[in-house]
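Okay, here's what each chain looks like letter by letter:
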Amino acid sequence: MTATPLLSFDLERTYPAPPERVWTAFTDADLLRRWACPDPTWYVSSCEVDPREGGGYRLLFGPRPAGDAYTEAATFAVFEPVERLVLDVLTTADGVSETTRCTVLLLPEGTGTRLELTVEGIEDGETAEHLRTGWTLCLEGIATELGTET
Amino acid sequence: MVHHQFAALGDPTRLAIVERLARGPASAGDLASPTTLSLPAVLKHLRVLEDAGLVTTVKRGRVRECRLCDDALVAVAEWTARQQALWSARLDALGTLLEET
């Protein structure tokens with residue numbers, strides 16, 4: 001679809017850390033869970049990451065104590081370490097279902113990183129299907145891994 | 001509803017119609033004349049905008065008057081504000097994390 005100012009916005013930050021570390025913060029579950037839910041009255045009760053193209057992350061977060069009112073499932077539509085990450089994000093809660101596409105660009109700047117984020121609102125149908133497919137594969141992958149360990 | 005609105009606004013012609021109506025009501029003919037679109041094509045786009053709750057049209061004699069709904073873009077604005085607040089807070093928290101570790 002055509003991106004317009006009404007349907008998307010950009011954010012930018014500069015961090016005093018190299019792109020490798022910023023990339024890891026998006027793709028390592030222990031790090032991701034520490035910044036994904038900045039509201040101190042909420043917390044992340046579960047965080048899984050499958051760090052590869054077609055993989056994604058799955059976060060459960062919400063108000064304490066349960067911390068599971070919201071599910072955020074993202075598929076990594078583009079996974080180019082440590083430069084570009086495109087996420088199709090499906091957020092669901094009671095009666096709420098919202099799909100966004102987030103594009104994260106990491107640009108080296110001196111010893112730090114400039115992060116450029118674009119968030120677009122997108123239509124449900126096709127992307128939701130894409131997300132479901134991605135997550136089925138991801139969960140199958142986890143199941144296989146668990147199976148071989150036991 | 002917001003997804004219907006995104007879909008409706010995702011088309012450049014319909015976005016142009018909404019931008020024009022933001023300046024005041026217009027007839028379907030007025031909307032068609034500065035473009036290469038036929039009147040039936042404009043009416044088709046108007047129908048999509050009506051279904052999305054963005055535009056209302058009233059037939060006055062032989063003219064169909066179109067106007068933007070009062071709260072047309074509220075859902076879109078709310079979506080943007082909510083998403084912007086979320087990601088802004090996240091990126092700040094990410095900055096704090098990168099400084100700490």
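Scroll up to find the structure this text is about.
For the structure given in this document, a descriptive report is provided here.

Rules used in this analysis
Residues numbered from 1 in each chain as written. Chains lettered and ligands numbered in written order. Predicted model: local features only at pLDDT ≥ 70, side-chain atom pairs only at ≥ 80, totals over all residues. Helix = DSSP H or I, 4+ residues; strand = E, 2+ residues; numbered from the N terminus. Buried ≥ 20, exposed ≤ 12 C-beta atoms within 10 Å, placed from the backbone. Contact = placed C-beta atoms within 7 Å. Pairing = 2+ DSSP bridges. Axes fitted to C-alpha atoms, helices over the stretch in contact; angles between N-to-C directions. Nonpolar A, V, L, I, M, F, W, Y, C, P; charged D, E, K, R; others polar. Parallel < 35°, antiparallel > 145°, perpendicular 65-115°, else oblique. Left-handed = near helix turned anticlockwise from the far one by under 90°. Core = buried A, V, L, I, M, F, W, Y, C linked by C-beta atoms within 7 Å.

Bringing the overall build of chain A into the picture now. Within chain A, the secondary structure is distributed over 3 helices and 7 strands. Sequence-ordered secondary structure for chain A, helices as α and strands as β, is β-α-α-β-β-β-β-β-β-α. The proportion of buried residues among the 150 residues of chain A is 31%. Across chain A, the fraction of contacts at a sequence separation of at least 24, relative to all contacts at a separation of at least 6, is 40%.

Residues and elements named next belong to chain A. Positionally, Arg58 belongs in strand S3 (residues 56–63). Exposure remark for Arg58: the 18 C-beta atoms within 10 Å place this residue in the partly exposed category. Separated by 12 residues in sequence, Arg58 and Ser46 place their C-alpha atoms 7.8 Å apart.

We now examine the sheet that holds strand S1 (residues 26–27) of chain B. All names here are of chain B. Strand order in the open sheet formed by 3 strands is S1-S3-S2, and the pairing between neighbours is antiparallel. A single partner strand is all that each edge strand has here, and the edge strands are S1 and strand S2 (55–60). Across 6 bridges, the pairing between S2 and strand S3 (residues 63–68) is antiparallel. By the bridge assignment for S3, Val55 is matched with Leu68. Across the sheet, helix H2 (residues 12–21) lies against S1, S2 and S3, angled at about 85 degrees from S3, the strand it touches most. Contacts between helix H4 (residues 39–51) and the sheet are confined to S2 and S3, with S2 contributing the most and set at about 125 degrees to the helix.

Below, the discussion takes up the interface of chain B and chain A. Counting residues at the interface gives 24 residues for chain B and 27 residues for chain A. Sort the elements by how many residues they give to the side of chain B that touches chain A and helix H5 (residues 74–100) of chain B lands first, with 17 residues. Looking at the side of chain B that touches chain A residue by residue, the classes come out as 14 nonpolar, 7 polar and 3 charged.

Between helix H1 (residues 19–27) of chain A and H5(B), whose axes approach to 11 Å, the crossing angle comes to 120 degrees. Accordingly, the angle class assigned to the pair H1(A) and H5(B) is oblique. Judged by the sense of rotation from one axis to the other, the crossing of H1(A) with H5(B) is right-handed. Between H1(A) and H5(B), the contacting residues are A:Arg21, A:Val22 and A:Ala25 on the first element and B:Leu94, B:Leu97 and B:Leu98 on the second. Tallied by class, the residues present in the contact of H1(A) with H5(B) amount to 5 nonpolar, no polar and 1 charged.

We now examine the pairing of S3(A). Residues and elements named next belong to chain A. In this sheet, S3 lies alongside strand S2 (residues 42–50) in antiparallel orientation, the contact comprising 8 bridges. Within S3, the residue paired with Trp42 across the bridge is Pro63. Hairpin connection, S2 to S3: the antiparallel pair is bridged by 5 residues, and Gly54 has positive phi, about 90 degrees. Taken together, the 6 bridges between S3 and strand S4 (residues 70–80) define a ladder with antiparallel strand orientation. When the sheet's bridge partners are listed, Gly56 is paired in S4 with Thr75.

Further remarks concern the sheet that holds strand S7 (residues 112–121) of chain A. Taken in spatial order, the 7 strands line up as S1-S7-S6-S5-S4-S3-S2 (chain A) in an open sheet, and their pairing is antiparallel. The open sheet has two edge strands with one neighbour each: strand S1 (8–15) and S2 of chain A. Sheet twist, expressed as the mean angle between neighbouring strand axes with direction ignored, is 20 degrees. Where strand S5 (residues 84–93) of chain A lies against strand S6 (residues 96–109) of chain A, 10 bridges are found, and the strand directions are antiparallel. Each bridged residue has a counterpart across the sheet, and for A:Leu87 the counterpart in S6(A) is A:Cys102. Strands in contact with H5(B) are S1, S6 and S7 of chain A; relative to S1(A), the strand with the most contacts, it is inclined by about 10 degrees.

Ranked by internal contacts, the top residues of the largest apolar core, which has 28 residues, are A:Val22, A:Ala25, A:Leu32, A:Ala36, A:Val44 and A:Leu59. Those elements that provide at least two residues to this core are H1, helix H2 (29–35), S2, S3, S4 and S5 of chain A together with H5 of chain B. Aside from chain neighbours lying at most four places away, what touches A:Leu59 is A:Ala36, A:Val44, A:Cys47 and A:Glu72. Formed by 19 residues, the second largest nonpolar core is a distinct cluster that contains A:Ile122, B:Ala8, B:Val18 and B:Leu46.

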